[in-house]
Amino acid sequence: MAESISPLAGKPITAAMLVNVPRLVTSYFAQAPDPSIVSQRVSFGTSGHRGSAFTCSFNEGHILAISQAVCLYRKKAEINGSLFLGMDTHALSESAFVSTLEVLAANGVETMIDRHGGYTPTPVISHAILTSNRNRKTGLADGIVISPSHNPPNEGGFKYNPTNGGPADVDITGWIERTANNILEKNLVDVRRIPYERARKSPCVHAHDYISLYVNDLENVVDIDAIRSANVKIGIDPLGGAAVHYWEPIIERYKIAASVVNDAVDPTFRFMTADWDGKIRMDCSSPYAMARLIAVRDKFDIAFANDTDADRHGIVCPSKGLMNPNEYLVAAISYLCVKRPGWHRDSGIGKTVVSSGMIDRVAANLGRKLVEVPVGFKWFSNGLIDGSLGFGGEESAGASFLKRDGSVWTTDKDGLILGLLAAEIVARTGHDPAQHYDSVTRDLGKSFYQRIDAPASPGQRKSLANLDPDRIDAKELAGEPIEEKLTRAPGNNQPIGGVKIIAKNGWFAARPSGTEDIYKIYAESFRNEDHLHEIQKDARETLGRLLDGQ
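Residues numbered from 1 in each chain as written. Predicted model: local features only at pLDDT ≥ 70, side-chain atom pairs only at ≥ 80, totals over all residues. Heavy atoms only, no water.

A. How the structure looks around the pattern of salt bridges. If you walk through the whole model with that rule in mind, you get 28 salt bridges. When the shortest N-O distance is used, the salt bridge between Glu-252 and Lys-255 registers 2.5 Å. For Asp-360, the salt bridge identified is with Lys-351, shortest N-O distance 2.7 Å. With a relative accessible area of 1%, Lys-351 lands in the buried category. When salt bridges that share partners are traced, they join Lys-159, Asp-309, Asp-311, Glu-394 and Lys-413 into one network. (Salt bridge = Lys/Arg side-chain N within 4 Å of Asp/Glu carboxyl O. Buried < 20%, exposed > 50% of the residue type's maximum accessible area, 1.4 Å probe, protein only.)

What follows is the structure, encoded as structure tokens:
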């Protein structure tokens, strides 16, 4: 997060902070994007296309164009199975769902929508795609999730998951982006579309029981019998997101001692507390956004929350409050690699280049191969499918792992199973995950990790994303010789879209934001807090010299 914390952070939302939903939805339908303006074009980042109707970056024109581009991509790639369509609880998601379905139905795409007209988490879409495609060579399925993840209430998002069930790779998103912008430039004349009521009644649109199929399979990925037998008391906050109607069926199906502390769905998200910058953001890894659940942690053996599309997790322990996402990844990895005898010994651990080095140390202790990739969960998808990865996780509180028998569960992040895994850890170890982290890292050193944001112009962001490591003139990092300068990930040799500088007892990485005029500095020390600050200081100075004048 940024170094300046708003005085509103962690406090209840006031009426003045609420989005005007009628005005937002009106803007979605009334405003037309101008593709000659860069900010109003379709742009796929690591998590799809995102924007706000107020800024003409997420409007009906965008969604019609992207949906038609997806239909054209499916034809090009010879994908002719079902398309699983889901949405979250953001105000713009409902509007975008309507636009998307109108296009899919007009193009004759066999589309699966929630039978109750409800919300569908990202991992449920991934699970549905993989379940449908199991043992198939033809008629493969894919999916769309309409969600801007944990972003503020005035934003919308659109993600495409191809036949591997995970986030689309850059070659796919690049093709869809170019095609959608071409459609926008031609004033949508190439869009095939029928009215919504006709689309809902179309023979190619089917009601699908997402909830039962996902819920009934959960016992194959998490030891829910152990959770029930230990009578672990669980508190759950969906943060008003797409998982809200999943937890009660889970509780009822498995008879676990869990309770949903807030089941409200409100597109203004007025029940949240303000995030670090004073904005409403359903970020389950933020102590400010999670203030209410943290305040009641003593009522439960473990508590957790998910973001709005439920692909992220926030774990709240009685012993320490909200866990640092990196620390929970370490706790989960160390536990799973011991308690999953059905996993193959060759199944490795996937982490991103900006995740904690403590994961490296734990993986080495466990004798597990470490695979370090660029930011983006798409880099884990194939490894989870073929079992070469048992676990894939990101420092931004997103992860998934294999079923208990070593087969694939999801190839996208799943915040629900990471929450249930925390309860399993309590049930089978007698300690909460924060205590488990302390025990498994006791002899591995202490990590001091922080991410901060710094302003950057569009030119500086572009320069950082394409940085030549030979331009880095620094020889030392916080008084230690620099051992490596990386612009490609060690695990797959793919560009990291920035740089990572490594010394013996610390490192930093820097990446530009895909949507904001900032860049992100990730830093970690295995010495102390002062050493971390020295690393951050050296990072700013090094990056300042590189980006000056860009």
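B. The arrangement of the sheet that holds strand β16 (residues 398–401) in detail. Pairing within the open sheet is mixed, and its four strands lie in the order β14-β13-β15-β16. The outermost strands of the open sheet, each flanked by one partner alone, are β14 (370–373) and β16. The sheet shows a mean angle of 15° between the axes of neighbouring strands, direction not considered. Relative to β14, strand β13 (residues 348–352) is paired through four bridges, and the arrangement is parallel. For Gly-350, the partnering residue across the bridge sits in β14 and is Val-371. Sheet strands in contact with helix α13 (residues 378–386) are β13, β14, β15 (389–394) and β16, and its direction is about 165° off that of β15. (Pairing = 2+ DSSP bridges. Helix = DSSP H or I, 4+ residues; strand = E, 2+ residues; numbered from the N terminus. Axes fitted to C-alpha atoms, helices over the stretch in contact; angles between N-to-C directions. Contact = heavy atoms within 4.5 Å.)

C. Quick peek at the sheet that holds strand β9 (residues 258–260). Spatially, β9-β8-β10-β11-β12 is the arrangement adopted by the five strands of the open sheet, whose pairing is mixed. Each having just a single partner strand, β9 and β12 (321–322) make up the two edges of the open sheet. Inspection of the sheet shows strand β8 (residues 234–237) paired to β9 by three bridges, in the parallel sense. Residue Ile-234 lies in a different strand from β9, and its bridge partner there is Ala-258.

D. The arrangement of the packing of aromatic side chains in detail. For the coordinates displayed, the defined rule picks out 12 aromatic pairs. When the ring of Tyr-73 is compared with that of Tyr-160, the centres are 6.0 Å apart and the planes differ by 75°; the resulting orientation is edge-to-face. Here the residue Tyr-73 occupies a position in helix α2 (residues 60–76), and Tyr-160 occupies one in strand β6 (residues 155–161), the gap between them amounting to 87 residues. In terms of burial, Tyr-73 and Tyr-160 fall into one category: buried. A network of ring pairs unites the aromatic residues Tyr-28, Phe-29 and Phe-58 as a single cluster. Sitting over the face of the ring of Phe-526, Arg-361 holds its NZ or CZ atom 3.6 Å from the ring centroid. In this arrangement the basic side chain of Lys-446 is found over the ring face of Phe-448, its NZ or CZ atom lying 5.7 Å from the centre. (Phe/Tyr/Trp six-rings, centres within 6.5 Å; stacked < 30°, edge-to-face > 60°. Lys NZ or Arg CZ within 6 Å of the ring centre and 35° of its normal.)

E. The arrangement of the pairing of strand β11 (residues 313–317) in detail. Where burial is concerned, most of β11 is hidden: five out of the five residues are buried. What you see with β11 is no split at all: His-313, Ile-315 and Cys-317 on one side and Gly-314 and Val-316 on the other are buried throughout. Across four bridges, strand β10 (residues 302–306) lies against β11 in antiparallel orientation. Within β11, the position partnered with Ala-303 by the bridge is Val-316. Hairpin connection between β10 and β11: a loop of six residues separates the two successive antiparallel strands, and Ala-310 in this loop has a positive phi of roughly 65°. Between the end of β11 and the start of β12, which pair antiparallel, lie three residues.

F. Here's a closer look at the packing of helix α4 (residues 122–133) against helix α7 (residues 210–217). Look at α4 against α7: their axes get within 10 Å of each other, and the N-to-C directions meet at 85°. For the element pair α4 / α7, the angle class is roughly perpendicular. Here Pro-123, Val-124, Ile-125, His-127 and Ala-128 of α4 lie close against α7, whose contacting residues are Tyr-210, Leu-213, Tyr-214 and Asp-217. Residue classes in the contact of α4 with α7 are distributed as seven nonpolar, one polar and one charged. (Parallel < 35°, antiparallel > 145°, perpendicular 65-115°, else oblique. Nonpolar A, V, L, I, M, F, W, Y, C, P; charged D, E, K, R; others polar.)

G. Representation of the nonpolar core within the structure. Core analysis: the largest hydrophobic core is formed by 76 residues, its most contacted members being Leu-218, Ile-234, Ile-256, Tyr-328 and Phe-401. Apart from residues lying up to four places away in sequence, Phe-401 is in contact with Val-221, Val-222, Leu-336, Arg-340, Trp-343, Leu-384, Gly-390, Phe-391, Trp-409, Ile-417, Leu-418 and Leu-421. The next biggest cluster of nonpolar side chains, apart from the first, holds 48 residues, and it includes Phe-44, Tyr-73, Ala-180 and Ile-194. (Core = buried A, V, L, I, M, F, W, Y, C linked by side-chain atoms within 4.5 Å.)

H. How the structure looks around the environment of Gly-81. Inspection of the secondary structure assignment puts Gly-81 in the loop between α2 and β3 (83–87). If sequence neighbours within four positions are ignored, Gly-81 has contacts with Arg-74, Glu-110, Gly-139, Leu-140 and Ala-141.

I. Representation of the environment of Val-222. Mapped onto the elements of the fold, Val-222 is located in the loop between α7 and α8 (224–229). Along the chain, Val-222 and Pro-238 lie 16 residues apart, while their C-alpha atoms are 19 Å from each other. If sequence neighbours within four positions are ignored, Val-222 has contacts with Ile-227, Arg-340, Phe-401, Arg-404, Ile-417, Leu-420, Leu-421 and Glu-424.

J. Representation of the environment of Ser-39 within the structure. Within the secondary structure, Ser-39 is located in the loop between α1 (21–30) and β1 (44–45). Here the alpha-carbon distance between Ser-39 and Gly-51, two residues 12 residues apart in the chain, equals 9.1 Å. Excluding anything up to four places from it in sequence, Ser-39 contacts Cys-56 and Ser-57.

K. A look at α7. For α7, the set of buried residues is Tyr-210, Ile-211, Tyr-214, Val-215 and Asp-217. Next to the buried residues of α7 lie β3, β4 (111–114), α4, β7 (205–208), α9 (247–254) and α14 (415–429).

L. Molecular detail of helix α11 (residues 325–339). For α11, built from 15 residues, the straight-helix expectation of 21 Å at 1.5 Å per residue is met to within 8% by its first-to-last C-alpha distance of 21 Å. Within α11, 12 of the 15 residues are buried, leaving the element largely enclosed by the surrounding structure. For α11, every residue scored as buried is listed here: Pro-325, Asn-326, Tyr-328, Leu-329, Val-330, Ala-331, Ala-332, Ile-333, Ser-334, Tyr-335, Leu-336 and Cys-337. Capping the start of α11, Asn-324 holds a side-chain oxygen 2.7 Å from the backbone nitrogen of Asn-326, two or three residues further along. (Expected span 1.5 Å × (residues − 1). Polar contact = N/O pair within 3.5 Å; in protein donor to acceptor, adjacent residues only side chain to side chain.)

M. Molecular detail of the packing of α11 against helix α12 (residues 358–366). Relative to each other, α11 and α12 sit at 10°, their axes nearing to 10 Å. In terms of their interaxial angle, α11 and α12 are classed as roughly parallel. Taken as a pair, α11 and α12 cross one another with a handedness that is right-handed. Residues Leu-329, Val-330, Ile-333, Ser-334, Cys-337 and Val-338 of α11 pack against Met-358, Ile-359, Val-362 and Leu-366 of α12. Looking at the contact of α11 with α12 residue by residue, the class counts come to nine nonpolar, one polar and no charged. (Left-handed = near helix turned anticlockwise from the far one by under 90°.)

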